[in-house]
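So the chains spell out like this:
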Amino acid sequence: MPIDIHVHPWTKEFVSRNPPVLDACNFFGIKQADLPLTVKDLIEEMNKAGIEKSIVLGQGAQNTRNPAFRNYTIPNDLLRKMLRNFEDRLIPFAGVDPNSGEIALRELRHALKDLEFKGLKIHSSVNEVYPDDPRVNLLCELCQEFEVPVMFHTGTTALGNCDIKYSKPEYLDDVANDFPDLKIILAHFGWPWYEVAIAVALRHKNVFLDISGWKPRYLPETLIRYINGPLQGKVLFGTDYPMIRQTEWMHDFRSVSRKFKPQVVEKLLESNAKRLLKL
Ligand SMILES: [Zn+2]
């Protein structure tokens, strides 16, 4: 069954105190009333959509300069509590703020070692830190040591009030060169710089792309050609829940699934993620 690699633990209450996320809701046409109230809503959605497991992404912005993200942090201990009782279905990735330096490194070690988180998510545009920054290198080094992947937001973002220049996929070429054993996921395949993201994934054996944030019918034809070809072992299904619901995504995918080779569908939806996360 499918593994959704890109899920946000955003609730109606969280969104209401985060104006940049409200902008994202407007972009995706989501009414606040339809946002999840608790993590149970996510489990129900997964059951309806036939999703086996979801990767739930943490986020840290404690020392980020931009005041718009004052309320954006979801502490890793809190995230672990939120997912309690659903450990067999929900897999957490840590969120730390690279701006916090040594404190972020300690927090990441705590999340990976004590809380048994399975990866790290970094949103460079929120944190205003380039992916090849020395403070990010520290975190990559630890993930390489723990043999867990790092997911970087890449490309534009529906979040308001931040700069997309930090999220250009070309920076991940640099990171992949410096950390050849680190598994790196370029979220949202770097759109509009997706040809660069494709090139980076082709160049490095440990670089993967996720296709979250897009209804399948709108995925660029060039990307689909690579998914059917040389990148078929390196592309991961994700929704960006709650911005796109899993039931909606699956419904849309069924209408365009003929664009994908049958053996590629299974890799995209399930086995690539299972291999990457050792599930
Ligand atoms: Zn996202």
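Please read all numbers here as calculations on a predicted model, not as lab measurements.

A tally of helices and strands in the chain yields 12 helices and 8 strands. Taking 2.2 N^0.38 as the reference for a compact globule, 279 residues should give roughly 19 Å; the C-alpha atoms of the chain span a radius of gyration of 17 Å, in line with that estimate. Taken over the C-alpha atoms alone, the chain extends approximately 50 × 45 × 35 Å along its principal axes. Counting over 279 residues, the chain shows a buried share of 49%. Nonlocal contacts in the chain, meaning residues at least 24 apart in sequence, comprise 78% of its contacts between residues at least 6 apart.

A few words now on helix α7 (residues 134-146). For α7, with 13 residues, the first-to-last C-alpha span of 19 Å sits near the 18 Å given by 1.5 Å per residue. For α7, the full list of buried residues reads V136, L139, C140, L142 and C143. Down the axis of α7, the sector holding all buried residues measures 160 degrees, keeping them to one side. More than 90 degrees from the buried face of α7, the exposed residues found are P134 and E145. Count one or two residues on from α7 and you reach E147, which has phi positive near 55 degrees.

The subject of this paragraph is unusual backbone geometry. A cis amide bond, omega 10 degrees, links W191 with the succeeding residue P192. Mapping P192 onto the fold places it in the loop between β6 (184-187) and α9 (194-203). The omega angle of the peptide bond from Y241 to P242 is 5 degrees, so this bond is cis rather than trans. Residue position: P242 is located in the loop between β8 (235-236) and α11 (246-256). Of note, the phi angle at F189 is positive, near 40 degrees, even though the residue is not glycine. Residue position: F189 is located in the loop between β6 and α9.

The next thing to look at is the nonpolar core. With 85 residues, the main nonpolar core has I184, L186, A197 and L209 as its most contacted residues. Considering each element in turn, this core owes the most residues, 6 residues, to α9. Leave out the neighbours within four places in its chain, and L186 touches F152, T154, P169, L172, A197, V200, A201, V207 and L209.

Turning to the pairing of strand β2 (residues 53-57), a few remarks are in order. Of all 5 residues in β2, 5 are buried, a share of seventy percent or more. Across 3 bridges, the pairing between strand β1 (residues 3-7) and β2 is parallel. Bridging from a neighbouring strand, I3 pairs with K53 of β2. Summarising the sheet, β2 and strand β3 (residues 90-95) pair through 4 bridges and their orientation is parallel. Paired with L57 across the two strands is F93, which belongs to β3.

Glancing now at helix α5 (residues 102-114). Given 3.6 residues per turn, any residue in an α-helix points the same way as the ones three and four places further on. Over its 13 residues, α5 runs 18 Å from end to end, which matches the ideal 18 Å to within 8%, given 1.5 Å per residue. Listed in full, the buried residues belonging to α5 are A104, E107, L108, A111 and L112. Take α5 and look down its axis: the buried residues cluster within an arc of 130 degrees, on one side only. Exposed and facing more than 90 degrees away from the buried side of α5 are E102, K113 and D114. Buried residues belonging to α5 abut α4 (76-82), β3, β4 (120-122) and α7. Positive phi shows up at E116, right after α5, with a value of about 60 degrees.

Now for the environment of C143. The topology assignment puts C143 in helix α7. The buried category is assigned to C143, around which 21 C-beta atoms lie within 10 Å. Put simply, C143 and I103 are 40 residues apart on the chain and 15 Å apart in space, counted from C-alpha to C-alpha. When neighbours within four sequence positions are excluded, C143 is seen to be in contact with L120, V148, V150 and L182.

Moving on to the sheet that holds β2. Taking strand neighbours across the sheet as the criterion, the 8 strands line up as β1-β2-β3-β4-β5-β6-β7-β8 in an open arrangement whose pairing is parallel. At either margin of the open sheet sits one strand with a lone partner, and together these are β1 and β8. Most of the contacts of helix α8 (residues 170-178) go to β6, to which it runs at about 175 degrees, and overall it touches β5 (150-153), β6 and β7 (207-210). Of the strands in this sheet, β6 and β7 are in contact with α9, which crosses β7 at around 145 degrees.

Conventions adopted
Residues numbered from 1 in each chain as written. Predicted model: local features only at pLDDT ≥ 70, side-chain atom pairs only at ≥ 80, totals over all residues. Helix = DSSP H or I, 4+ residues; strand = E, 2+ residues; numbered from the N terminus. Rg over C-alpha atoms; globule rule 2.2 N^0.38 Å. Buried ≥ 20, exposed ≤ 12 C-beta atoms within 10 Å, placed from the backbone. Contact = placed C-beta atoms within 7 Å. Expected span 1.5 Å × (residues − 1). Arc of directions from axis to C-beta. Core = buried A, V, L, I, M, F, W, Y, C linked by C-beta atoms within 7 Å. Pairing = 2+ DSSP bridges. Axes fitted to C-alpha atoms, helices over the stretch in contact; angles between N-to-C directions.

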